[in-house]
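Below are the chains, spelled out letter by letter.
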Amino acid sequence: RLPASHARNLQDMIFAVATDFRSLPLLMARHLGALHDECAEKRAASEARALAAAAEGRNYAEAVDASSRARDALDVLAPLADRCGLNQLKTDLEDAAFERLAPATRRRVLRALDARRSERAAVLEDVTRRLKRALFEDDVLANEASSLRVAARPKAPFSIWRKQPKLRAKKRETGGG
């Protein structure tokens, strides 16, 4: 993993070298596509080895090898996308790198999200409804905003995983665990 100062220097260098700002999202999207291809190849190879092991009657456990492309995405390109305001591209880069570097952890986060999907949807719907009501009841906002829209978006698996240590520390701090 790159030290934060090196990653920041690389981001600054990429930003400075780009003669046209529009080339940065293209570079990042190209990297993202290559990372998706790498993940697909890795999954296919892993499935083939698992099937071969099952056919031979043995267990199969795979070690995840680090991918420099995935590390670059996390350390350099995702933060650069964030600096440029390309939030969806940042999220996609992080998620693809997370899939490549920690596929079992990502699957565990996705399973936990799926298990609580209906509960989360109900909470989001309730909060959205209350927020809309409060905003539309405010005369100043209601008169100034011709079309007011409230929407919620789901948090990405990598973002949830990255936040877990902070949540555990906060829980210990408050005596909740």
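Residues numbered from 1 in each chain as written. Predicted model: local features only at pLDDT ≥ 70, side-chain atom pairs only at ≥ 80, totals over all residues. Heavy atoms only, no water.

Student: Can you tell me about the overall build of the protein chain, naming the residues and giving the values?
Tutor: When helices and strands are tallied, the protein chain shows eight helices and zero strands. Listed by position from the N terminus, the elements making up the protein chain come as α-α-α-α-α-α-α-α. For the protein chain, the computed accessible surface area is about 12,500 Å², with 54% contributed by carbon and sulfur atoms. (Helix = DSSP H or I, 4+ residues; strand = E, 2+ residues; numbered from the N terminus. Areas by Shrake-Rupley, 256 points an atom, 1.4 Å probe, with all protein chains shown as cover.)

Student: Could you give an account of the pattern of salt bridges, naming the residues involved and the relevant values?
Tutor: All chains considered together, the criterion is met by 10 salt bridges. With a closest N to O distance of 2.2 Å, Asp114 and Arg117 form a salt bridge. Arg116 serves as the salt-bridge partner of Glu119, at 2.8 Å between the closest nitrogen and oxygen. A residue is classified by how much of its surface remains accessible, and Glu119, at 44% relative accessible area, is partly exposed. The partly exposed category is assigned to Arg116, whose relative accessible area is 49%. Bridged by salt links that share partners, the residues Glu38, Arg69 and Arg100 form one connected network. (Salt bridge = Lys/Arg side-chain N within 4 Å of Asp/Glu carboxyl O. Buried < 20%, exposed > 50% of the residue type's maximum accessible area, 1.4 Å probe, protein only.)

Student: Before we move on, could you go through the confidence of the model for the protein chain and cite the residues and values that matter?
Tutor: Averaged over all residues, the pLDDT of the protein chain is 80; the fraction at 70 or higher stands at 84%. For the protein chain, helix H7 (residues 139-144) is the element with the lowest average pLDDT, namely 69, and helix H4 (residues 87-101) is the one with the highest, namely 91. (pLDDT = per-residue confidence, 0-100.)

Student: So what about the side chain of His31? Which residues, and what values?
Tutor: Looking at the secondary structure, you find His31 in helix H2 (residues 23-55). Once residues within four sequence positions are removed from consideration, His31 is found in contact with Arg69, Asp72, Ala73, Leu77 and Leu93. (Contact = heavy atoms within 4.5 Å.)

Student: Break down the packing of aromatic side chains for me, citing the residues and quoting the values.
Tutor: Applying the stated rule across the entire model yields three aromatic pairs. Note on Phe98 and Phe158: the rings are 5.5 Å apart at their centroids and 70° apart in plane angle, and the pair reads as edge-to-face. Within this pair, whereas Phe98 is found in helix H4, its partner Phe158 is found in helix H8 (residues 157-173), the two being separated by 60 residues in sequence. An aromatic cluster of three or more residues is present, and its members are Phe98, Phe158 and Trp161. (Phe/Tyr/Trp six-rings, centres within 6.5 Å; stacked < 30°, edge-to-face > 60°.)

Student: Outline H8, supporting the account with residue identities and numerical values.
Tutor: Its 17 residues give H8 an end-to-end C-alpha distance of 25 Å, which sits within 8% of 24 Å, the value for a rise of 1.5 Å per residue. The largest bend in H8 comes to about 35°, at Gln164, with the proline Pro165 one to four residues further on. Summarising the contacts, the buried residues of H8 are in contact with helix H3 (68-83), H4 and helix H5 (103-115). At the C-terminal side of H8, Gly175 shows a positive phi close to 80°. (Expected span 1.5 Å × (residues − 1). Bend = angle between axes of the 7 residues up to and from the residue.)

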